Amino acid sequence: MKKKWWHDKVAYQIYPKSFYDTNGDGIGDIRGIIEKLDYLEDLGIDILWISPVYLSPFADQGYDIADYYQIDPRFGTMKDMDELIAKAGSRGIRILMDLVVNHCSDEHEWFQKAIADPDGKYGKYFYLEDAKNGLPCNWRSYFGGPCWDALPGTDKIYLHVFHKKQPDLNWENPEVREEIYKNINWWLQKGLGGFRIDAIINIKKALPFKNYAPDREDGLSSINHMLEEAEGIGVFLEEMKHRTFEKYDAFTVGEVFNAKPDELADFIGENGHFSTMFDFRSTCFGSSPKGWYDSLPITPEDYKNCCFESQAEAADIGFYANVIENHDEPRGVSHYLPEGEVNDTSKKMLATISLMLRGIPFIYQGQELGMENMAFSSIDEIDDVNTKNEYKTALDAGLSEEDALKAVSRYSRDNARTPMQWTDGPNAGFTTGKPWLLVNPNHVSINAAAQVKDPASVYTYYKKLIALRKNEDYKQTLVYGKTVPYLKEQKNILSFFRQDEHQTLLVAANFQSKPQSIKLPCSNYRVLLNNCDQIAADHGSVLLEGYQAVILECSAPAPL
Ligand code: GLC
Ligand code: CA
């Protein structure tokens, strides 16, 4: 495999609105990221993905872009952005911007011009149809309701697979693609490390528009059905890569849902469209076509199977980007650990798995502190458009208000969007003003200030995991070595080797609160990391405490 500069890197996602506010308006800003670079450097981060900071009306929190060349004043200025790129760069940290090009905002100049003259040049930037013919297809928007809305003041309708303030750009139009490449290159020339690429699978529509079998009582059909039929996205993605990323040796990470199983090599193989893409197998597990209220919880065994399936799938192809959470997901510790068993030990166990699997780890802000879901007491406390829609779906399905709130609270994107917990003081030290979203009251016990100086904290443990990945003695194996499942059949044991011809490392986790013992594959070993104080080994086995995770270097290599 040809080595690339990003293979051995650890990435961190910043959701700027909730990271750190420096001017007291209750909204995190770019200066806030600059001020926290020491913190990120200390943790050992190499790549920072910044969720959108472009000019935006915030209908979908910045994922609705009104100008790709401007920073939203609530986040700061282009000068701040340049300073961030430079200051991060001087610490060896590369910045990724978020590339949101399936759609723009309805307040973007292109859409405004399309409204003014639907038959002109800019009408062709979007998917417009004559209103008199009715809806061209019955796709349900990701945020609820039909994908079509009236183009204001005209006799046309336009397509939006997300919110109605996020009109889809027409990638079939070469002029649109040129505009996008121009923008990407403009940013890359500023010295970006690359991009995280939003909702990219949606750029290719199965055309002509047609109906699919309705899958809910609303008579609409999930967009997934259309995506299964859409062919030829690779042509767009290769063109984009050649015209932009490739020239700068940029790192790209795709948000790719619904890829076809045999397409993985096209996406992340040696000459794939992207450097990597997120592994969403466990985040998607249990999801229901009916909505969040109908989702199944994930068990430790399910989680193990998800991990091993993804590891096997990518093994000979490339690298997945490993996540336990992001700004669209609940907090990983609240999602994957059984209720009542979320504690520092189990949080460290999850971290061990996520950072030791083969792939490029992405840590979401606050994950390194073990931040947890928020206990929302009313739907009014939630800002997210998607959660509001899922709440309505749950009510429509007959759930009581209380049950609907409970159901959506488990999956709400706002769980991850509550402000970063810096201190135990007012507003968790996030802002001196009124935070745009509620601060989790548990910041009195879960916060960076306390954890940074505590050798036993979740933060310190993350730091050790990152340091281990970078340790010259183990790096080669941890980055490029194989993942070989071990004791896969033993219930609630998630263990695997990371292995190459020089070295065998064993990662073993007991994914339950009850202790259980595992057979050791080697007679001699060295403990590289342990999330508990002790390791109880004897006669070829180890008794793992509840949620204990250990990383061992086996002296006698186990069979490959
Ligand atoms: C991606 C983003 C999500 C956003 C959507 C539409 O899934 O991660 O936050 O709502 O795209 O841009
Ligand atoms: Ca601010």
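Residue indices begin from 1 for each chain and proceed along its sequence in written order. As they are written, the chains are lettered A onward and the ligands numbered 1 onward, keeping that order. Residue-level local features of this predicted model are given only where pLDDT is at least 70; pairs of side-chain atoms are given and counted only at 80 or more, and the full residue set underlies all totals for whole chains, interfaces and linings. Side-chain numbers here rest on the full set of heavy atoms in the structure, without hydrogens or water.

A. Quick peek at the coordination of the calcium ion (ligand 2). Only N, O and S atoms count as donors, using a 2.8 Å limit from the metal and a wider 3.2 Å limit for Na, K and Ca, and since water is excluded some coordination spheres may look unfilled. Around the calcium ion (ligand 2), the donor atoms from the protein are Asp21 (OD), Asn23 (OD1), Asp25 (OD), Ile27 (O) and Asp29 (OD), and they sit 2.3 Å away. One chain supplies every donor for the calcium ion (ligand 2), spaced along it as D-x1-N-x1-D-x1-I-x1-D. Classification of Asp21 as buried rests on a relative accessible area of 5%. Note on classification: 1.4 Å probe, protein chains only; a residue is buried when its accessible area is under 20% of the maximum for its type, exposed when over 50%, partly exposed between these limits. Residue Asp25 is classed as partly exposed on the basis of its relative accessible area of 36%.

B. Here's a closer look at the site of ligand 1. By convention in this text, a residue qualifies as near a molecule or strand provided that one of its non-hydrogen atoms is within 4 Å of it. With respect to spatial proximity, 14 residues lie near ligand 1, and among them Asp60, Asp198, Glu255, His327 and Asp328 are the closest. Asp198 has a polar side-chain atom sitting 2.8 Å from an oxygen atom of ligand 1. Polar contacts here mean pairs of N or O atoms no more than 3.5 Å apart (in protein, one a potential hydrogen donor and the other a potential acceptor; neighbouring residues in sequence count only if both atoms are side-chain atoms). Contact distances for ligand 1 include 3.0 Å between an oxygen atom and a side-chain N or O atom of Arg413. Calculation on ligand 1 without its partners gives an accessible area of 300 Å², and the protein chains cover 96% of this total. Nonpolar residues are Ala, Val, Leu, Ile, Met, Phe, Trp, Tyr, Cys and Pro. Charged residues are Asp, Glu, Lys and Arg, and all others, Gly as well, are polar. Here the shell around ligand 1 is built from residues that sort into four nonpolar, three polar and seven charged. Only the protein chains shown count as covering a residue, and every accessible area follows the Shrake-Rupley method with a 1.4 Å probe.

C. Structural view of the side chain of Ser51. If you trace the backbone, Ser51 turns up in the loop between strand 2 (47-50) and strand 3 (54-55). Residue Ser51 is classed as buried on the basis of its relative accessible area, which comes to 1%. One polar contact links Ser51 to Gln13, side chain to side chain, over a distance of 3.1 Å. Within the structure, Ser51 has its side chain in polar contact with the side chain of Tyr63 (distance 3.0 Å). Counting from the N terminus, the helices are DSSP H or I runs at least four residues long and the strands are E runs at least two residues long.

D. The sheet that holds strand 21 (residues 536-538), seen in detail. Strands sit in the order 19-22-21 across an open sheet of three strands; the sheet is antiparallel. Two strands lie at the open edges of the sheet, namely strand 19 (516-519) and strand 21, each paired on one side alone. Strand-to-strand, the axes of this sheet are offset by a mean angle of 25°, without reference to chain direction. At least two DSSP bridges between two strands are needed for those strands to be called paired. Alignment of strand 21 against strand 22 (residues 541-544), held across three bridges, turns out to be antiparallel. Looking at strand 22, one finds that Ala537 is bridged to Val542. Note on method: axes are straight lines fitted to C-alpha atoms, helices fitted across the in-contact stretch only, with angles between N-to-C directions ranging 0 to 180 degrees.

E. Spotlight on the environment of Glu178. Tracing the sequence through the fold places Glu178 in helix 5 (residues 174-188). Residue class for Glu178 comes out partly exposed when judged on its relative accessible area of 39%. As for Glu178 and Tyr122, which are separated by 56 residues in sequence, their C-alpha atoms are 14 Å apart.

F. Looking closely at the packing of helix 13 (residues 344-356) against helix 18 (residues 458-470). One can describe the packing of helix 13 onto helix 18 by two numbers: an axis separation of 10 Å at closest approach and a directional angle of 20°. When the interaxial angle is binned, helix 13 and helix 18 end up roughly parallel. Relative to helix 18, the crossing made by helix 13 is right-handed. Mapping the contact onto sequence places Asp344, Lys347, Lys348, Ala351, Thr352, Leu355 and Met356 in helix 13 and Val458, Tyr461, Tyr462, Leu465, Ile466, Leu468 and Arg469 in helix 18. Of the residues belonging to the contact of helix 13 with helix 18, the class tally is nine nonpolar, one polar and four charged. An angle below 35 degrees is read as roughly parallel, one above 145 as roughly antiparallel, one from 65 to 115 as roughly perpendicular, and any other as oblique. Here is the rule for handedness: rotate from the far helix to the near one, and if that takes an anticlockwise turn smaller than a right angle the crossing is left-handed, while a clockwise turn gives right-handed. We call two residues in contact whenever any of their non-hydrogen atoms come within 4.5 Å of each other.

G. Region of interest: the packing of helix 14 (residues 385-396) against helix 15 (residues 401-411). Where helix 14 contacts helix 15, the two axes come as close as 9 Å, and the packing angle between them is 140°. As summarised for this structure, helix 14 and helix 15 are arranged oblique, according to the angle between their axes. Viewed along their axes, helix 14 and helix 15 form a crossing whose handedness is right-handed. For the pair helix 14 and helix 15, contact is made by Thr387, Glu390, Tyr391, Ala394 and Leu395 and by Glu401, Ala404, Leu405 and Val408, respectively. Its residues assigned to classes, the contact of helix 14 with helix 15 comprises six nonpolar, one polar and two charged.

H. Molecular detail of the packing of aromatic side chains. Between the rings of Phe, Tyr and Trp (Trp by its six-membered ring), a pair exists once the centres lie within 6.5 Å; its type follows the angle of the planes, with under 30 degrees stacked, over 60 edge-to-face, and the other angles tilted. Scanning the entire structure with this criterion turns up 39 aromatic pairs. A centroid spacing of 5.6 Å and a plane angle of 40° characterise the contact between Phe278 and Phe280, whose relative ring orientation is tilted. With relative accessibility at 6%, the residue Phe280 sits in the buried group. Members of the aromatic cluster, connected to one another through ring pairs, are Trp5, Trp6, Trp49, Phe251, Phe257, Phe278, Phe280 and Phe362. The residue whose ring lies beneath Lys36 is Tyr20, and the NZ or CZ to ring-centre distance is 4.3 Å. Comment: the charge-over-ring label is applied if NZ (Lys) or CZ (Arg) is within 6 Å of the ring centre and within 35 degrees of the ring normal. One cation-aromatic arrangement involves Arg74 over Phe58; the distance from NZ or CZ to the ring centre is 3.9 Å.

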